[in-house]
Amino acid sequence: EAGVAQSPRYKIIEKRQSVAFWCNPISGHATLYWYQQILGQGPKLLIQFQNNGVVDDSQLPKDRFSAERLKGVDSTLKIQPAKLEDSAVYLCASSPISRYYGYTFGSGTRLTVV
Amino acid sequence: AQTVTQSQPEMSVQEAETVTLSCTYDTSESNYYLFWYKQPPSRQMILVIRQEAYKQQNATENRFSVNFQKAAKSFSLKISDSQLGDTAMYFCAFMKKEYGNKLVFGAGTILRVKS
């Protein structure tokens, strides 16, 4: 099966600019996750979708971050305006309803804010 | 809230030898899952092994095995016959068994396999 697709792979922007990341999960996976991984740290969940709906966005900085999952498939994560501390790898993952076998992750987008 | 602690920031091992990575966690839950993920320089997180808390038998996957001590809340990963391709960041992760659960990761251990 095809894996989780993410784009772009790298992005460099200046602070206060906006940026968007795209994720296409594995076909049929109902649940989609966005994680932020700051250098030297473990991934931290930003938002979790179940089909079209948000299950958990408690760690999402809503003043600058937004995410949507149209038609329960693809998802985009946006940052506006970006801050220096947003420099990180943004990982997308998906899982079927029964997610206890772990998620399937994409290769991530490395964002550098200068 | 659950926390996962990996106390070894970096480890190194000679090719063909055995290495153990440590992980402890804190939870009041009785039913949960534990995972080890590998993240090579390509950045893609790859599932290495999974353990269900209610199973006493330690999980094994080829050269990878775990030592799960539920009472001590310890979940270590043993890699036997280490290979150069095992060089990566390894993350321990916890998941509650309930709707809306999520993976909670430790800070990771960098493993370097030397020839």
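Look above for the structure.
A few points on the structure.

Reading guide: rules and limits
- Residues numbered from 1 in each chain as written.
- Chains lettered and ligands numbered in written order.
- Predicted model: local features only at pLDDT ≥ 70, side-chain atom pairs only at ≥ 80, totals over all residues.
- Heavy atoms only, no water.
- Helix = DSSP H or I, 4+ residues; strand = E, 2+ residues; numbered from the N terminus.
- 1 Å grid on protein atoms, 1.4 Å probe; cavity = no way out; pocket = protein on both sides within 12 Å on 5 of 7 lines; lining within 4 Å.
- Points joined across faces, edges and corners; volume = space filled by probe spheres on them.
- Nonpolar A, V, L, I, M, F, W, Y, C, P; charged D, E, K, R; others polar.
- Pairing = 2+ DSSP bridges.
- Axes fitted to C-alpha atoms, helices over the stretch in contact; angles between N-to-C directions.
- Core = buried A, V, L, I, M, F, W, Y, C linked by side-chain atoms within 4.5 Å.
- Buried < 20%, exposed > 50% of the residue type's maximum accessible area, 1.4 Å probe, protein only.
- Contact = heavy atoms within 4.5 Å.
- Polar contact = N/O pair within 3.5 Å; in protein donor to acceptor, adjacent residues only side chain to side chain.
- Buried area = accessible area lost by both parts, 1.4 Å probe.
- Salt bridge = Lys/Arg side-chain N within 4 Å of Asp/Glu carboxyl O.

With that settled, the discussion passes to unusual backbone geometry. Residue and element names in this part refer to chain A. The amide bond that connects Ser7 to the next residue, Pro8, takes the cis arrangement and shows omega of -5°. Relative to the elements of secondary structure, Pro8 occurs in the loop between β1 (5-7) and β2 (10-13). With an omega of -5°, the peptide bond running from Gln80 to Pro81 counts as cis. Relative to the elements of secondary structure, Pro81 occurs in the loop between β8 (75-79) and β9 (88-95). Positioned with a positive phi, Arg16 is a non-glycine residue whose angle comes to about 80°.

One simple way to see leftover space: roll a probe sized like a water molecule over the atoms. In this structure, the largest pocket spans a volume of roughly 420 Å³. Along the wall of the largest pocket there are 22 residues; nearest its centre are A:Gln37, A:Leu39, A:Arg110, B:Gln39 and B:Met89. Every element with two or more residues in the lining of the largest pocket is listed here: β9 and β11 (109-113) of chain A together with β10 (88-96) and β12 (109-114) of chain B. Its residues assigned to classes, the lining of the largest pocket shows 12 nonpolar, seven polar and three charged. If you trace the second largest pocket, you find it lined by A:Tyr35, A:Pro43, A:Lys44, A:Leu45, A:Gln59, B:Ala1, B:Gln2, B:Lys102, B:Leu103, B:Val104 and B:Phe105. When contributions to the lining of the second largest pocket are tallied by element, the ones reaching two or more residues are β5 (44-50) of chain A together with β11 (104-105) of chain B. Here the lining of the second largest pocket is composed, by residue class, of seven nonpolar, two polar and two charged.

What follows covers the sheet that holds strand β3 (residues 19-24) of chain A. Residues and elements named next belong to chain A. The four strands are arranged β1-β3-β8-β7 in an open sheet whose pairing can be described as antiparallel. Bordering the open sheet on either side are β1 and β7 (65-69), each of which pairs with just one other strand. Going from strand to strand, the sheet's axes swing by 15° on average, the running direction of each strand aside.

What follows is about the nonpolar core. The nonpolar side chains of a soluble globular protein tend to be buried with one another. Residue and element names in this part refer to chain B. With 26 residues, the main nonpolar core has Tyr25, Trp36, Phe75, Leu77 and Tyr90 as its most contacted residues. Elements represented by at least two residues in this core include exactly β3 (19-21), β5 (32-39), β6 (46-52), β8 (64-69), β9 (74-79), β10 and β12. The greatest single-element share of this core, amounting to four residues, is contributed by β10. Those residues in contact with Tyr90 that sit more than four places away from it in its chain are Gln6, Leu21, Trp36, Tyr37, Lys38, Val48, Phe64, Leu77, Ile79, Gly108, Thr109 and Leu111.

All right, on to the pairing of β9(A) then. All names here are of chain A. Burial runs high along β9: eight of the eight residues are buried. Here β9 pairs with β11 via three bridges, running antiparallel. Across the sheet, residue Tyr90 finds its bridge partner in β11, namely Thr109. For β9 and strand β10 (residues 104-105), the ladder comprises two bridges, and the chain directions are antiparallel.

Residues and elements named next belong to chain A. Mapping Leu111 onto the fold places it in strand β11. Residue Leu111 is classed as buried on the basis of its relative accessible area, which comes to 2%. Each C-alpha atom, one on Leu111 and one on Ile13, is 7.8 Å from the other, the two residues being 98 residues apart in sequence. The residues contacting Leu111, other than those within four sequence positions of it, are Lys11, Ile13, Val19, Phe21, Ile79, Asp86, Ser87, Ala88 and Tyr90.

Further remarks concern the environment of B:Glu10. Position of B:Glu10 relative to the elements: it lies in strand β2 (residues 10-14). Reaching out from B:Glu10, the side chain makes a polar contact with the side chain of B:Arg112 at a distance of 2.7 Å.

Each partner contributes to the interface: chain B provides 23 residues, whereas chain A provides 27 residues. Between chain B and chain A, the buried area comes to about 2,000 Å², and carbon and sulfur atoms account for 50% of it. Connecting chain B to chain A are one salt bridge. Of the charged contacts in the structure, one is a salt bridge between B:Lys102 and A:Asp56, with a shortest N-O distance of 3.5 Å. At the boundary of chain B with chain A, the tally comes to nine residue pairs in polar contact (both at pLDDT 80 or more). Listed by contribution, the elements that provide at least two residues to the side of chain B that touches chain A are β5, β6 and β10 of chain B. By residue number, the principal contributor to the side of chain B that touches chain A is β5(B), which donates four residues. Residues belonging to the side of chain B that touches chain A are distributed by class as follows: 11 nonpolar, six polar and six charged.

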